[in-house]
Amino acid sequence: MKRSVEMEKKREEERVKKAEMARLKAERARAYEEPEWAKVDDELEDDVAEEEEEEGVRKNELYCVACGKKFKSDKQWKNHEQSKKHKDKVAELREAFGEEDQDDEDDDEDDNNDNGGGDADGFVSADEVEKLKEQFEGVEIQTEEKGDE
């Protein structure tokens, strides 16, 4: 009989101990705050909020067209420009554009009636302008000043 009473006491102590451990664990879980860098955005919930934030952020956002990456600071942008991957992508694009330019010049010589989607005087429709605006929205253009030549 003594043994069963002792066993009951041990079991009760274990239950109390487990309940306390579970309570402490739940308390730590409630108090835990995930670091900003580790947070994952839910696409469906954050779409509207992101669009609103993008309106203000786009002014300060830098975008690499060659690599398709966004940068929030000038330092990130400069580091990216120095990276090997970026330089390789830019070289590939230059080659591709060079080939396209050559092809375009050949096409123009072959067919003078083809105006590339614009009017005969070189203008494009408002729809095409809107498409281009959407495509390059958020892209920051840097210009270099040229001296008197």
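- The chain is annotated in an unreviewed UniProt entry as DNAJ heat shock N-terminal domain-containing protein of Helianthus annuus.

1. Let's talk about the packing of aromatic side chains
Thinking step 1. Summed over all chains, the structure comprises 1 aromatic pair.
Thinking step 2. On the basis of an interplanar angle of 70° and a centroid distance of 5.7 Å, the ring pair of Phe71 and Trp77 is categorised as edge-to-face. Just as Phe71 is buried, Trp77 falls in that class too.

2. Considerations on a nonpolar patch on the surface
Thinking step 1. There is a patch of nonpolar side chains on the surface, built from Val65, Leu132 and Phe136 and spanning about 270 Å² of accessible area.
Thinking step 2. By the element assignment, Val65 lies in the loop between β1 (62-64) and β2 (69-71).
Thinking step 3. With a relative accessible area of 49%, Val65 lands in the partly exposed category.

3. Concerning the side chain of His86
Thinking step 1. Its place among the elements puts His86 in helix α4 (residues 84-110).
Thinking step 2. For His86, the side chain forms a polar contact with the side chain of His80, separated by 3.1 Å.
Thinking step 3. Every residue in contact with His86, bar those within four places of it in the chain, is listed here: Cys64, Cys67, His80 and Glu81.

About the thresholds
Residues numbered from 1 in each chain as written. Predicted model: local features only at pLDDT ≥ 70, side-chain atom pairs only at ≥ 80, totals over all residues. Heavy atoms only, no water. Phe/Tyr/Trp six-rings, centres within 6.5 Å; stacked < 30°, edge-to-face > 60°. Buried < 20%, exposed > 50% of the residue type's maximum accessible area, 1.4 Å probe, protein only. Patch = residues over 30% accessible without salt bridge, like charges linked within 9 Å, V, L, I, M, F, W, Y side chains within 5 Å. Areas by Shrake-Rupley, 256 points an atom, 1.4 Å probe, with all protein chains shown as cover. Salt bridge = Lys/Arg side-chain N within 4 Å of Asp/Glu carboxyl O. Helix = DSSP H or I, 4+ residues; strand = E, 2+ residues; numbered from the N terminus. Polar contact = N/O pair within 3.5 Å; in protein donor to acceptor, adjacent residues only side chain to side chain. Contact = heavy atoms within 4.5 Å.

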